[in-house]
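# Notes for the structure review
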Amino acid sequence: MTDRQIVRGRVSGFSPWEEQFGFSRAVAAGDQVHVSGCTALVNGRIEHDDPYNQALTAFGAALDALTAYGLTADDVVRTRVFLTHVRDADEVGRAHKQLFDAVRPAATMLVVAGLIDSRMMVEVELDAYRAGLGKTLEGSTP
């Protein structure tokens, strides 16, 4: 992986698939930041073999991407959760509540046929908003 960096409002360097598939971990659009799907992949390894801890790790990666813009969980306005098994909904929901109970973002949880690696049980996306963020970022990136 490369060093994490913001280039033209985009954050990169979190996923081995970013370069291969042509995407950024996070993209700022005005006062909004959209974070791509995050999983429990850490330094090329899938962390944890249970849905609760995979969810915490995935959300941690997504929230880490927000820090490049100075944002936190308090700025999250929407989450999307993709599960590979409906039986994991309660445990992943518990992780979501632990992180976002005070924030209460709009949320979607879907069960999908699978993720890019069969050991992955959950993938998450975040959208965040902070009034004035776009003005703050103007001129601060190449």
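Structure first, text after, so check above.
The present account deals with the structure reproduced in this document. Residue numbers run consecutively from 1 along every chain, following the written order of its sequence. Local features are withheld for residues below a pLDDT of 70 in this predicted model, meaning they are given only at 70 or higher, and side-chain atom pairs are given and counted only at 80 or more; totals for whole chains, interfaces and linings count all residues. Calculation of side-chain values draws on the structure's entire complement of heavy atoms; hydrogens and water are dropped beforehand.

## What about the overall build of the protein?
The cut-off we apply is this: Only DSSP runs of H or I covering at least 4 residues are called helices, and only runs of E covering at least 2 are called strands; the numbering of each starts at the N terminus. Burial classes: relative accessible area under 20% of the type maximum marks a residue as buried, over 50% as exposed, and values in between as partly exposed (1.4 Å probe, protein chains only). For the accessible areas, the method is Shrake-Rupley and the probe is 1.4 Å, while residue cover comes only from the protein chains on display.
Across its full length, the protein carries four helices and nine strands. Helices and strands in the protein line up, N terminus first, as β-β-α-β-β-β-β-α-β-α-β-β-α. In the protein, which comprises 142 residues, the proportion classed as buried is 40%. Here the protein displays about 7,700 Å² of accessible surface, and carbon together with sulfur accounts for 49% of that area.

## Details of the pattern of salt bridges
What counts here: A pairing counts as a salt bridge when a side-chain nitrogen of Lys or Arg comes within 4 Å of a carboxyl oxygen of Asp or Glu.
Overall, the coordinates contain eight salt bridges when judged by the stated rule. Between Lys-97 and Asp-101 there is a salt bridge; the shortest N-O distance is 3.2 Å. With a closest N to O distance of 2.8 Å, Arg-104 and Asp-101 form a salt bridge. The class of Asp-101 is partly exposed, set by a relative accessible area of 32%. Residues joined in a network through salt bridges with shared partners are Arg-80, Glu-125 and Asp-127.

## A short note on the pairing of strand E8 (residues 106–111)
Residues in a regular strand project their side chains so that they alternate between the two faces of the sheet. The following threshold applies: Paired strands, in this sense, are two strands between which DSSP finds at least two bridges. With its strands directed away from the observer, a crossover is right-handed exactly when the path from the first strand over the helix to the second travels clockwise.
With six bridges connecting them, strand E7 (residues 76–83) and E8 associate as parallel partners. In the sheet register, Val-81 faces E8, and the bridge partner there is Met-109. Crossover connection from E7 via helix H3 (residues 89–100) to parallel E8: handedness right-handed.

## Considerations on the pairing of strand E9 (residues 122–129)
With five bridges connecting them, strand E4 (residues 32–38) and E9 associate as antiparallel partners. Paired with Val-35 across the two strands is Leu-126, which belongs to E9. Pairing between E7 and E9: seven bridges, direction antiparallel. Residue pairing across strands places Val-81 opposite Val-124, the latter belonging to E9.

## Some remarks on helix H2 (residues 51–67)
What counts, and what does not: The span you would expect from a helix comes to 1.5 Å times its residue count less one.
Taking 1.5 Å as the rise per residue, H2 with 17 residues should run 24 Å; its terminal C-alpha atoms sit 24 Å apart, in good agreement. Those residues of H2 that sit buried are Pro-51, Tyr-52, Gln-54, Ala-55, Thr-57, Ala-58, Phe-59, Ala-62, Leu-63, Ala-65 and Leu-66.

Functional significance is not addressed by these values, which are geometric in nature.
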